[in-house]
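# A closer look at the structure
Okay, here's what each chain looks like letter by letter:
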Amino acid sequence: MQTLTVELGERSYPIYIGQQLLDHPDLLAKHIHGRQVMVVSNETVAPLYLERLLALLGGFDVTTVILPDGEQYKNLDTLNMIYTALLEKRLNRGCTLVALGGGVVGDITGFAAASYQRGVDFLQVPTTLLAQVDSSVGGKTGVNHALGKNMIGAFHQPGCVLIDTDTLDTLEDRQLAAGLAEVIKYGLIYDAGFFDWLEQNMAALKARDKQALAYAIERSCAIKAEIVAADERESGMRALLNLGHTFGHAIETGTGYGNWLHGEAVAAGMVMAADLSARHGWLDEAAVERTAALVSRAGLPTAPPPEMSAQQFLDLMAVDKKAVDTGLRLVLLKSIGTAVVTADYRPELLSATLDETLSAA
Ligand SMILES: NC(=O)c1ccc[n+]([C@@H]2O[C@H](COP(=O)([O-])OP(=O)(O)OC[C@H]3O[C@@H](n4cnc5c(N)ncnc54)[C@H](O)[C@@H]3O)[C@@H](O)[C@H]2O)c1
Ligand SMILES: [Zn+2]
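Quick summary incoming for the structure in this document. (Residues numbered from 1 in each chain as written. Chains lettered and ligands numbered in written order. Predicted model: local features only at pLDDT ≥ 70, side-chain atom pairs only at ≥ 80, totals over all residues. Heavy atoms only, no water.)

### Comments concerning the overall build of the chain
Here is the rule we go by: Each helix is a run of H or I in the DSSP string that is no shorter than four residues. Each strand is a run of E no shorter than two, and both are numbered from the N terminus. We compute the radius of gyration from the C-alpha atoms alone; for a globule the expected value is 2.2 Å times N to the 0.38, where N is the number of residues. Contacts are assigned to residue pairs with any non-hydrogen atoms lying within 4.5 Å of each other. Neither His nor the chain ends contribute to the count of charged residues, in which Lys and Arg are positive and Asp and Glu negative. The location of each charge is read from NZ of Lys, CZ of Arg, CG of Asp or CD of Glu.
What the chain contains, in helices and strands, is twelve helices and 13 strands. Here the C-alpha atoms of the chain give a radius of gyration of 20 Å, agreeing with the 21 Å that 2.2 N^0.38 yields for 361 residues. If you line up the chain on its principal axes, its C-alpha atoms span 60 × 40 × 35 Å. A separation threshold of at least 6 residues defines the contact pool for the chain, and within that pool the share at least 24 residues apart is 75%. The centroid of the 28 positive side-chain charges in the chain is displaced by 5 Å from the centroid of its 43 negative side-chain charges.

### Structural notes on the state of the cysteines
Note the following rule: Two cysteine sulfurs form a disulfide in these notes if their separation is within 2.5 Å.
Going through the model one piece at a time under the given rule, you end up with zero disulfides. With no disulfide partner, Cys-95 has as its closest neighbouring cysteine sulfur the one in Cys-160, 15 Å distant. Left unpaired, Cys-160 is separated from the closest cysteine sulfur, that of Cys-221, by 12 Å.

### Concerning the packing of aromatic side chains
Test applied: Pairing of aromatic rings covers Phe, Tyr and the six-membered ring of Trp, with a centre-to-centre limit of 6.5 Å; geometry is then stacked below 30 degrees between planes, edge-to-face above 60, and tilted otherwise. For the exposure calls, accessible area comes from a 1.4 Å probe over protein chains only, and a residue counts as buried if that area is under 20% of its type's maximum, exposed if over 50%, partly exposed in between. Over a ring means this: the NZ of a Lys or the CZ of an Arg is within 6 Å of the ring centre and within 35 degrees of the ring normal.
Summed over all chains, the structure comprises three aromatic pairs. Pairing Phe-194 with Trp-197 gives two aromatic rings, centres 5.9 Å apart and planes at 15°, and the pair type is stacked. On the criterion of helical spacing, the pair formed by Phe-194 and Trp-197 is a turn pair, its members being three residues apart in helix α6 (residues 192-206). Given the relative accessible area of 2%, Phe-194 is considered buried. Between Phe-194 and Tyr-215, the aromatic rings sit 6.1 Å apart at their centres with planes inclined by 70°, giving edge-to-face as the arrangement. Residue Phe-194 is found in helix α6, and its partner Tyr-215 is found in helix α7 (residues 210-230); the two are separated by 21 residues along the sequence. An aromatic cluster of at least three residues, connected via ring pairs, comprises Phe-194, Trp-197 and Tyr-215. The ring of Tyr-186 has Lys-185 lying over it, and the distance from NZ or CZ to the ring centre is 5.3 Å. Note that Lys-334 overlies the ring of Trp-282, its terminal NZ or CZ placed 4.6 Å from the centroid.

### Digging into the pairing of strand β7 (residues 140-145)
Going by this rule: Paired strands, in this sense, are two strands between which DSSP finds at least two bridges.
Of the pairings in the sheet, the one linking β7 to strand β8 (residues 148-155) comprises five bridges and is antiparallel in character. Residue pairing across strands places Gly-142 opposite Gly-153, the latter belonging to β8. Between β7 and the antiparallel strand that follows it, β8, lie two residues.

### Digging into the site of ligand 1
Worth spelling out the cut-off: The rule for a residue being near a molecule or strand is that one of its heavy atoms must lie within 4 Å of it. In protein, a polar contact means a hydrogen-donor-capable atom and an acceptor-capable atom, both N or O and within 3.5 Å, with residues adjacent in sequence counting only if both atoms are side-chain atoms; elsewhere, any N or O pair within 3.5 Å suffices. Only the protein chains shown count as cover for residues, and the accessible areas themselves come from Shrake-Rupley with a 1.4 Å probe.
If you check the shell around ligand 1, you find 27 residues, and the closest are Asp-69, Glu-71, Thr-127, Thr-128 and Thr-170. At 2.8 Å from an oxygen atom of ligand 1 is found a side-chain nitrogen or oxygen belonging to Lys-149. In the model, a nitrogen atom of ligand 1 is placed 2.9 Å from a nitrogen or oxygen of the Thr-167 main chain. Its free accessible area being 870 Å², ligand 1 has 90% of it covered by the protein chains. Those elements that place two or more of their residues in the shell around ligand 1 are α1 (46-56), α3 (103-115), α4 (129-135), β8 and α5 (173-190).

### Considering the pairing of strand β5 (residues 96-101)
Side-chain direction in a regular strand flips from residue to residue, so the side chains alternate between the two faces of the sheet. We count it as follows: Crossovers are marked right-handed if the path from the first strand over the helix to the second runs clockwise, as seen with the strands pointing away from the viewer.
In terms of residue burial, β5 counts as a mostly covered element, since six of its six residues are buried. Across the two faces of β5 the burial is the same, with Thr-96, Val-98 and Leu-100 and Leu-97, Ala-99 and Gly-101 all buried. Where strand β3 (residues 36-42) meets β5, four bridges bridge the pair, whose relative direction is parallel. Bridge assignment links Val-40 to a residue of β5, and that residue is Ala-99. In terms of strand pairing, β5 meets strand β6 (residues 121-126) through six bridges, oriented parallel. From the neighbouring strand, Leu-100 faces β6, where its bridge partner is Val-125. Remark: the β5/α3/β6 crossover connection has right-handed handedness.

### Comments concerning the coordination of the zinc ion (ligand 2)
Rule in force here: Each metal's donors are the N, O and S atoms found within 2.8 Å of it, except that Na, K and Ca use a 3.2 Å limit; water is left out, so coordination can look incomplete.
Every protein donor of the zinc ion (ligand 2) is accounted for by Glu-182 (OE), His-245 (NE2) and His-262 (NE2), and the metal-donor separations fall at 1.9 to 2.1 Å. Counting the intervening residues between successive donors of the zinc ion (ligand 2) yields the motif E-x62-H-x16-H. Of this pair, Glu-182 sits in helix α5 while His-245 sits in helix α8 (residues 245-255), and the two are 63 residues apart along the sequence. The same class applies to Glu-182 as to His-245, namely buried.

### Brief notes about the pattern of salt bridges
Selection rule: Any carboxyl oxygen of Asp or Glu that lies within 4 Å of a side-chain nitrogen of Lys or Arg is treated as forming a salt bridge with it.
Within the structure shown, the criterion is met by 20 salt bridges. The closest approach of N and O atoms between Lys-149 and Glu-252, which form a salt bridge, is 3.2 Å. Residue Lys-149 is located in strand β8, and its partner Glu-252 is located in helix α8; the two are separated by 103 residues in the primary sequence. Arg-208 serves as the salt-bridge partner of Asp-173, at 2.9 Å between the closest nitrogen and oxygen. Taken together, the residues span a long stretch of sequence, with Asp-173 in helix α5 and Arg-208 in the loop between α6 and α7 at a distance of 35 residues.

Listed below in structure tokens is the structure:
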């Protein structure tokens, strides 16, 4: 097992990464301070892993809530199901919520924990590659609104993140690919050497080679932990983690939540960001091609959905929370491994990127 730490002073917490951690008796239990525990999962993940998780929580007073599965349920109605269960079962302020599932379950459960009785403890047990490399770490929680992705939420750090890499055995290939989008993102924004490693090991990752996956998860979590420790509330460098996301969120909202997976939308968004960076002369063409090639080898889309229009993108991107008073900010690339957050791009070049990537799709 590997243990990484997200260094946040007294709110620091460990990320445990390894095989068969769902059979490890005290990793989770030592992060639970009261008696009452509520495990939140969904109808797909619960039949696979809930029983093993409950076996780890033998000494506690445990209740469970099973949510419907899907990004389209990441909303206030589903959140309310959790509040209702918490109140019906009379969970108090000393309770701990445990999220067992992908990023959707993790984000909703985290927000329930951030807001229930002004904040209770929560733990993350992520079971998708995307959640293991990204969403379970860093404390961003929330739900979608019909008018915008992740528009309602809070920062609320978990007490620990327990990553049992064996849970990926049951994950569909399409979902594994979606997680690889965020893995590629770390190489692009932060670590050119990791990007090279991904180029060399993409076939192994797609073939679910355990060692390659373990390394990709560890390196991704280490980068995320470093960035979150440096800028927990996204006043600066944490925004780099949004590479491809302003385009991606527009795709997710524009096509209807759940049609394009988050990772798929981010993948196309990263290629669009690379294209826009090159139009400014900040990134060379070879780097754009390497980005698109790696995204494509991961089994991910390199262009936006052709049914969307450039104007629809611009409207949806303006809603995205990276738009501040001074205008829309985008994460763009200076090289593979170096990104910047900037409002200083040329609008006509953004239009050119939208027009040309939409017509290429
Ligand atoms: N909080 C953050 O910092 C952050 C970062 C990135 C993404 N996100 C959010 O995460 C969400 C996407 O997460 P996701 O990609 O994990 O999607 P998801 O939670 O919808 O999971 C994908 C699918 O896999 C199923 N599943 C989960 N674990 C499984 C397993 N082990 N075996 C078989 N099936 C399994 C799920 O039931 C679901 O059908 C988006 O809402 C996105 O906005 C949040
Ligand atoms: Zn993401």
